[in-house]
Amino acid sequence: MEGDFKKWLKAAGIRAVKTFAQTAAALIGTELVGFTELDWLHIISVAGVAAVLSLLTSVAGLPEIEKK
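How each quantity is defined
- Positions within a chain are numbered from 1, following the residues in the order the chain's sequence is written.
- At least 70 in pLDDT is required for a residue's local features to be given in this predicted model, at least 80 for side-chain atom pairs to be given and counted, and no such filter applies to totals for whole chains, interfaces and linings, which use all residues.
- As a convention, hydrogens and water are excluded, and side-chain values are obtained from all of the structure's heavy atoms.
- The helix count covers DSSP runs of H or I at least four residues long, the strand count covers runs of E at least two residues long, and both are numbered beginning at the N terminus.
- Accessibility here uses a 1.4 Å probe with only protein chains present; expressed as a share of the type maximum, an area under 20% marks a residue as buried, one over 50% as exposed, and anything in between as partly exposed.
- Here, two residues are considered to be in contact whenever any of their heavy atoms come within 4.5 Å of each other.
- Where accessible areas are quoted, they stem from the Shrake-Rupley method and a 1.4 Å probe; at the residue level, only the protein chains shown are allowed to cover.
- Here, axes are lines fitted to C-alpha atoms. For helices the fit covers the stretch in contact, and angles between N-to-C directions go from 0 to 180 degrees.
- Put simply, a crossing is left-handed when the front helix is turned counterclockwise from the back one by less than a right angle, and right-handed when it is turned clockwise.
- For this scheme, ten residues count as nonpolar: Ala, Val, Leu, Ile, Met, Phe, Trp, Tyr, Cys and Pro. Four count as charged, namely Asp, Glu, Lys and Arg, and the remainder, Gly too, count as polar.

With that settled, consider the overall build of the protein. The helix and strand tally for the protein stands at two helices and zero strands. Residues classed as buried in the protein amount to 21% of the 68 residues present. Taking all contacts inside the protein whose residues are at least 6 apart in sequence as the whole, residues at least 24 apart take part in 75%. Accessible surface computed for the protein: about 5,300 Å², of which carbon and sulfur atoms make up 68%.

Dropping the structure here:
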C-alpha cells in the first residue's frame with residue numbers, strides 16, 4: 001500500500017509541476033509587455049492554483065498508475 005501511494009505521489013507531483021510550467025509559459029507568452037514588466041506574482045499565483053487543481057484532479061485517478 002505504501003508503495004502505491006509513493007507511485008501516485010510521484011506521478012501526481014510530476015503532473016502538477018508540468019501543469020505549473022505550462023500555465024506560467026502560457027501567461028508569459030500572452031503578455032504584451034516586456035519580460036521585465038511582467039506581473040510575476042500574478043503569474044506564479046495563477047500557475048500555483050493550476051498545480052493544486054491538477055493534484056486534486058489526480059485524486060480521481062492517474063492513467064500512469066496501473067492497478068494490478
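Further notes follow.
Looking at where S54 falls in the secondary structure, it is placed in helix α2 (residues 40-58). With residues up to four places along the chain from it excluded, the contact list for S54 reads R15, A16 and T19.

Looking at where S58 falls in the secondary structure, it is placed in helix α2. Not counting residues up to four positions away in its chain, the partners in contact with S58 are W8, A12 and R15.

If you want to describe how two helices pack, look at the angle between their axes and the distance between the axes. In the contact formed by helix α1 (residues 2-30) and α2, the axes pass within 8 Å of each other and the chain directions differ by 145 degrees. Between α1 and α2 lies a crossing of right-handed hand. In this structure, α1 contributes W8, A12, G13, R15, A16, T19, F20, T23, A24, L27 and I28 to the contact, and α2 contributes W40, I43, I44, V46, A47, G48, A50, A51, S54, L55 and S58. Class assignment of the residues belonging to the contact of α1 with α2 gives a composition of 15 nonpolar, six polar and one charged.

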